[in-house]
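Spelled out, the chains give:
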Amino acid sequence: MTLTLLSRTPRLLWPRRLPYQQSFGTRFLSSNASIHSSAPYVGPKPTFESAGIRAPIASALRAAFPNVQHPTQTQGQFIPAVLSGKDVLLKDGTGTGKSFGVILALLSKARKATILTNKGIQPVKPFITSLVIVPHRDLAYQFHHWVERIVEASVPKGETPPPLASISSVVVRGGDTPIAKHRRDIMTSPPHILIGTPQALLELFDDDEVIPRSKLSRISTIYVDEVDYLVDAVPNHSTARTQERIKRRMDKHPGPTSQLLDLILSERKSRWNERASSEDAPADTIQLVMSSATLRSHLQSRLCGGQGWIKRDSLVRVTGDGQSSSGVSNTKDVFHCVLVVSKDGQIRNIEGATAATSNTIQDAREVTADEVFSSRDIDLGSEPLEEKYAKTELKINRDALETVAAAFALDVPSVALLSLPASAPVQRVVHALRELGVNAHSLDLLVADKGRTQLLSGTAAATEDNPLLLVSTLASTRGLDLPDLTHVFMLGLPQGRRADAYLHVAGRVGRFGKAGKVVTVVEEREEERRADGTLAWARDEPKRMLMMLREVGVAPTQLEHFD
Ligand SMILES: Nc1ncnc2c1ncn2[C@@H]1O[C@H](COP(=O)(O)OP(=O)(O)OP(=O)(O)O)[C@@H](O)[C@H]1O
């Protein structure tokens, strides 16, 4: 296949960002509460202060994030729950502000200055107030960056803000600071919020000579973001045999998040077990807050029952938007496109895709393919790197990759994300895309430090002349919030629980009322010769894709420029 289709004169159309619109609703929390946010709000809009956020933090927030002036309906409900100290299970669509709201609430929590001991309440030296567990290091840096912006805006211009390290710190493997140094720093000056990946945190707390285990019970809150990804659970719908097999594997190899929670919560568990009912449960225990867009019921059962981390009867459940956990299906300005690439390199829209309605496409700008390519000046890297990549296998369909390159060149105004299958070699794909003239970079906010701030704060406008394609795998894009992102490309059907995986990847666009496109590239169904010589259809990706889209409740839309 060649990129000859680019010689057509395409139109790059892009909608203007839509104003943020939200209806509000509140219901009061009681213990054992289960809250659904759907009722329209009557009366003045709630404020972050009325949700319990401390006034200086709320005003710094509004200064740092001018687009965030009022809590969303769900934030208005879960922020008080998080501040109440009760355990919270939070489920809402992707990009609805779950993580942002929780971080804000954690920032607003007071540092623990006393603990309950056998001798009653005793004063203690402050330790980490909140521990935030995230699936990958880019997300850790994103949360840290949110805190940094609020802290900077908390003092008048010209004044020095408090040291960020005393408020938020990141512990990830392969970071700038060795874990052993983090350990010592935490003992001398513990941050208010410690954010890390499960493996790094496990390693951090592993040496109890430096950080004694007893200190861990001083943590006030543990927040697990993307909990359905971080904590395994046995799916209800599988056969008894499969359930047994998964359970055995989980018992034998508990994931790092489970090990970490067991380590920190062991004392709380035994204190609970000593007491007959949760009525007497010590008030001064660690709080657990967990969130995800796809919080399956079997996971909830494991968290509350099997694992015993949470007591069902002292838990607040907050569910935004009723049963539809899909931020995707609820966002009318997100188009879902599927391009099918045939063996001979032809590209077409999937059958049944409808033309995109143009009423949401405003402020279009027109650019020709020639213009797009003439602005490219891609550095193919150093000689040894080229040699290295030329020899390594691409492991993905080259035609499919060229389809991404074509759609990217024709349709992306500034920043897009390509999500690869877990086993794909990211750097190799980046190199292949650069050979195709795409300004591709691996999405590693840690290594690509130069562009990190712009990407996270949505000020990467400089890329408009030379759009940027960030390349990553699903595992490292979960939860990421890149304000400039307009397109997500996926190569092939997502693996694992497809619908959930699709929702998580697709949820990187269409956040907070913005428009976006999700473009999946699949291969034409293949023919296979049976032993008797007859032909049969094997792997029918387009059909499976359509079934999956139906499951998540979206209809495919055509991507213009293609038949
Ligand atoms: N109340 C608000 N008003 C406007 N924008 C908001 C509000 N709260 C958060 N945001 C914006 O939403 C984005 C963050 O969303 P966040 O990552 O918290 O969503 P999420 O629900 O956790 O998504 P995911 O499920 O994908 O992890 C940020 O860009 C933030 O500026």
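The rules behind each value
Residues numbered from 1 in each chain as written. Predicted model: local features only at pLDDT ≥ 70, side-chain atom pairs only at ≥ 80, totals over all residues. Heavy atoms only, no water. UniProt positions renumbered as here; feature names shortened; annotations may be inferred. Near = heavy atom within 4 Å. Polar contact = N/O pair within 3.5 Å; in protein donor to acceptor, adjacent residues only side chain to side chain. Areas by Shrake-Rupley, 256 points an atom, 1.4 Å probe, with all protein chains shown as cover. Helix = DSSP H or I, 4+ residues; strand = E, 2+ residues; numbered from the N terminus. Nonpolar A, V, L, I, M, F, W, Y, C, P; charged D, E, K, R; others polar. Domains from an automatic or database assignment. Buried < 20%, exposed > 50% of the residue type's maximum accessible area, 1.4 Å probe, protein only. Contact = heavy atoms within 4.5 Å. Buried area = accessible area lost by both parts, 1.4 Å probe. Salt bridge = Lys/Arg side-chain N within 4 Å of Asp/Glu carboxyl O. Axes fitted to C-alpha atoms, helices over the stretch in contact; angles between N-to-C directions. Left-handed = near helix turned anticlockwise from the far one by under 90°. Pairing = 2+ DSSP bridges. Core = buried A, V, L, I, M, F, W, Y, C linked by side-chain atoms within 4.5 Å. pLDDT = per-residue confidence, 0-100.

As recorded in an unreviewed UniProt entry, the protein chain goes by the name RNA helicase, listed as coming from Athelia psychrophila. The record held by UniProt for the protein chain lists under Catalytic activity (unreviewed entry) the comment "ATP + H2O = ADP + phosphate + H(+)".

Caption draft 1: Focus on the site of the ligand. Lining the immediate surroundings of the ligand are 23 residues, of which Lys98, Ser99, Asp481, Arg508 and Arg511 lie closest. The contact in question runs from a nitrogen atom of the ligand to an N or O atom on the backbone of His70, over 2.9 Å. In this structure, an oxygen atom belonging to the ligand sits 2.8 Å away from a main-chain N or O atom of Gly95. Here the ligand has 650 Å² of accessible area as a free molecule, and 96% of this is covered by the chains. Per element, the largest residue contribution to the shell around the ligand is 3 residues, and it comes from helix 3 (residues 98-108). Here the residues of the shell around the ligand are counted per class, giving 7 nonpolar, 11 polar and 5 charged. Counting only domains with at least three residues in the shell around the ligand, you end up with domain 1 (48-269 + 283-319) and domain 2 (334-357 + 385-552).

Caption draft 2: Layout of helix 17 (residues 426-435). Of all 10 residues in helix 17, 7 are buried; the element is thus mostly enclosed. Listed in full, the buried residues belonging to helix 17 are Arg428, Val429, Val430, His431, Ala432, Leu433 and Arg434. Downstream of helix 17 by one or two residues, Gly437 has phi in the positive range, about 90 degrees.

Caption draft 3: Looking closely at the domain arrangement of the protein chain. On domain assignment, one finds that the protein chain holds domain 1 (48-269 + 283-319) and domain 2 (334-357 + 385-552). Put simply, the middle of domain 1 and the middle of domain 2, counted by C-alpha atoms, are 31 Å apart. Taken together, the contact pairs 26 residues of domain 1 with 24 residues of domain 2. Across the interface of domain 1 and domain 2, roughly 2,000 Å² is buried in total on both sides, 56% from carbon and sulfur atoms. The closest approach of N and O atoms between Glu226 and Arg478, which form a salt bridge, is 3.5 Å. Between domain 1 and domain 2 we count 6 residue pairs in polar contact (both at pLDDT 80 or more) in total. Take the side of domain 1 that touches domain 2: its biggest share by element is 8 residues, from helix 4 (residues 137-152).

Caption draft 4: How the structure looks around the pattern of salt bridges. Scanning the entire structure with this criterion turns up 10 salt bridges. Notably, a salt bridge pairs Arg183 with Asp207, separated by 3.9 Å at the nearest N-O pair. In this pair, Arg183 is assigned in helix 6 (residues 179-188) and Asp207 in the loop between helix 7 (198-206) and helix 8 (213-216), connecting sequence segments 24 residues apart. Residue Asp207 is classed as partly exposed on the basis of its relative accessible area, which comes to 27%. One continuous salt-bridge network, built from bridges that share partners, spans Glu226, Asp228 and Arg478.

Caption draft 5: Geometry of the packing of helix 6 against helix 7. Following both chains from N to C, one finds helix 6 and helix 7 inclined at 60 degrees, their axes separated by 9 Å at the closest point. By crossing handedness, the relation of helix 6 to helix 7 is classed as right-handed. Here helix 6 contributes Ile179, His182, Arg183 and Ile186 to the contact with helix 7, which in turn contributes Ala200, Glu203 and Leu204. Split by residue class, the contact of helix 6 with helix 7 holds 4 nonpolar, 1 polar and 2 charged.

Caption draft 6: View of the pairing of strand 2 (residues 87-91). Counting buried positions along strand 2 gives 5 out of 5 residues, so the element sits mostly inside the fold. Bridge count between strand 2 and strand 10 (residues 315-320): 5 bridges; the pairing is parallel. The residue of strand 10 that forms the bridge with Lys91 is Thr319. Bridging between strand 2 and strand 9 (residues 287-292) involves 4 bridges; their strand directions are parallel. For Leu90, the partnering residue across the bridge sits in strand 9 and is Ser291.

Caption draft 7: Broad picture of the nonpolar core. Core analysis: the largest hydrophobic core is formed by 73 residues, its most contacted members being Val132, Phe143, Ile150, Tyr502 and Met545. For this core, the element with the most residues is helix 4, which contributes 8 residues. Lining this core are residues from two domains, each supplying at least three of them: domain 1 (48-269 + 283-319) and domain 2 (334-357 + 385-552). Among all residues touching Met545, those that are not within four sequence positions of it are Val338, Ile350, Leu493, Tyr502, Thr520 and Val522. Formed by 36 residues, the second largest nonpolar core is a distinct cluster that contains Leu204, Ile219, Val227 and Ile264.

Caption draft 8: Seen up close, the confidence of the model for the protein chain. Looking at the protein chain, pLDDT values average 78 and 75% of them are 70 or higher. Here helix 14 (residues 369-374) stands out as the least confident element of the protein chain, with mean pLDDT 42; strand 5 (residues 130-133) is the most confident, with 97. Predicted confidence is poor over residues 322-329, with pLDDT under 50, and the contacts of this stretch with residues over four places away or in other chains come to 24 contacts. This model gives residues 359-383 a pLDDT under 50, and the stretch forms 58 contacts once residues within four places in sequence are excluded. Predicted complex metrics record ipTM = 0.98 and pTM = 0.79.

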